[in-house]
Amino acid sequence: ILQLLVVSLGMIGLKFRYRPYIDFKNKSFREVLRILPARSVDQGIDNINSIVETRFASQLSVGSVTNFENALVLYNAPVMLIGNAISTAAFPRLTMRLAQGRVDLFRKEFLRVLRTMIWIALPVVVVSFFARGYLARIIFARSNQEIATIFGFLCVAIFFRILYTMISRYFYAHKDTKTPLYVSLFIIFFNIVLSYNLSRPDAYGILGLAIAQSIVAATEVGILVIIMIKRDRKLFDREFLTSVAKSVAVTGFSALAAYIT
């Protein structure tokens, strides 16, 4: 309610006047109706993964479901704070560039934001991995080695989920909601297969769910990147790749410092 009030005050300053009228002949409105179903399904379909993971975790030792969900709380924090926040803020400008017909500026600004997210995400992942025990104890007020271990295996997924929030918006900016949906459908099936095989008591147990998450997150980003390259051969230029390589190299020093600490 408070957020709505703040936005409403801003709209009053813009002299916006609301009229309860829907123009079904409006081209933009019809386009929203066209792309909305696939986007909505893509957003909601991730809940299937949560249901499946909870089902597999419930078959393991007592406390497995709780520990896995607590590890997911730690996992979701950097994804929301870095990935969703930055990608949401950058999205309107990206769509504006395409609306202006400036594909070159769209490409430049997309890579700039993606490069920044990689630069921020890499040290966050490193610190999260080496400080996983401290984070579990600070947030949950007790020492729980299983939460810390699960979170450690989820650290790879953190990096790729952060990238996914921006990469998916590349397609949304092009008004393509079907490609991420089709990839998500495949990824859900892939996750179910991996989770089933890796979470068995004779395999990795509850840790298998975290391992599956990381493999699936990397696979999803990899598939979308391949599609992006096929659509735009000029997207990932030498400057971007060099910058990413430097970020990865510097992350090595972050890992060493975190390990020593």
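Rules used throughout
- Residues numbered from 1 in each chain as written.
- Predicted model: local features only at pLDDT ≥ 70, side-chain atom pairs only at ≥ 80, totals over all residues.
- Heavy atoms only, no water.
- Helix = DSSP H or I, 4+ residues; strand = E, 2+ residues; numbered from the N terminus.
- Buried < 20%, exposed > 50% of the residue type's maximum accessible area, 1.4 Å probe, protein only.
- Contact = heavy atoms within 4.5 Å.
- Areas by Shrake-Rupley, 256 points an atom, 1.4 Å probe, with all protein chains shown as cover.
- Lys, Arg positive; Asp, Glu negative; His and termini not counted.
- Charge placed at Lys NZ, Arg CZ, Asp CG, Glu CD.
- Core = buried A, V, L, I, M, F, W, Y, C linked by side-chain atoms within 4.5 Å.
- Patch = residues over 30% accessible without salt bridge, like charges linked within 9 Å, V, L, I, M, F, W, Y side chains within 5 Å.
- Salt bridge = Lys/Arg side-chain N within 4 Å of Asp/Glu carboxyl O.
- Expected span 1.5 Å × (residues − 1).
- Bend = angle between axes of the 7 residues up to and from the residue.
- Polar contact = N/O pair within 3.5 Å; in protein donor to acceptor, adjacent residues only side chain to side chain.
- Axes fitted to C-alpha atoms, helices over the stretch in contact; angles between N-to-C directions.
- Left-handed = near helix turned anticlockwise from the far one by under 90°.
- Nonpolar A, V, L, I, M, F, W, Y, C, P; charged D, E, K, R; others polar.

A. Local environment of the overall build of the protein. When helices and strands are counted, the protein shows 10 helices and 0 strands. The secondary structure elements of the protein, listed N-terminal to C-terminal, are α-α-α-α-α-α-α-α-α-α. Per-residue burial for the protein yields a buried fraction of 40% across its 261 residues. Long-range pairs, those at least 24 residues apart, make up 77% of the contacts in the protein with a sequence separation of at least 6. Only carbon and sulfur atoms are counted for the fraction: they give 66% of the accessible area of the protein, which is about 15,600 Å². Seen as two clouds, the 30 positive and the 15 negative side-chain charges of the protein have centres 7 Å apart.

B. Representation of the nonpolar core in the model. Residues Y75, F110, L114, I118, M166, I167 and M228 are the most contacted members of the largest nonpolar core, which totals 62 residues. Secondary-structure elements contributing two or more residues to this core are α3 (46–57), α4 (64–99), α5 (103–130), α6 (132–140), α7 (145–173), α8 (178–198), α9 (206–231) and α10 (238–260). Counting residues per element, this core draws most heavily on α7, which supplies 18 residues. For M166, the residues in contact, after removing those within four places along its chain, are S87, A90, L94, F110, V113, L114 and M117.

C. Structural view of a nonpolar patch on the surface. Among the surface-exposed residues, V7, M11, L14, F16 and Y18 lie close enough to one another that they form a single nonpolar patch of about 570 Å² accessible area. Tracing the chain through its elements places M11 in helix α1 (residues 2–13). With relative accessibility at 33%, the residue M11 sits in the partly exposed group.

D. Structural context of the pattern of salt bridges. This model, assessed by the stated rule, comprises 9 salt bridges. A salt bridge links R93 to E109, with the shortest nitrogen-to-oxygen separation between them at 3.1 Å. Pair noted here: R93 is in helix α4 and E109 is in helix α5, with a separation of 16 residues, a long-range link. Classification of E109 by relative accessible area gives buried; the value is 9%. The residue R107 makes a salt bridge to D232 at a minimum N-O spacing of 3.0 Å.

E. Main features of α7. The first and last C-alpha atoms of α7 sit 42 Å apart over 29 residues, in line with the 42 Å expected at 1.5 Å per residue. Maximum bend of α7: about 40°, positioned at L154. A large share of α7 lies buried, amounting to 23 of its 29 residues. The N-cap residue of α7 is N144: its side-chain oxygen and the backbone nitrogen of E146 are 3.1 Å apart. One or two positions beyond α7, positive phi appears at K175, with a value near 60°.

F. Fine view of the packing of helix α2 (residues 27–44) against α8. Contact geometry for α2 and α8: axes closest at 9 Å, N-to-C directions at 30°. Crossing handedness for the pair α2 and α8: left-handed. Taking contact as the criterion, the partners of A38, V41 and D42 in α2 are, on α8, K178, P180, L181 and S184. Taken together, the residues of the contact of α2 with α8 sort by class into 4 nonpolar, 1 polar and 2 charged.

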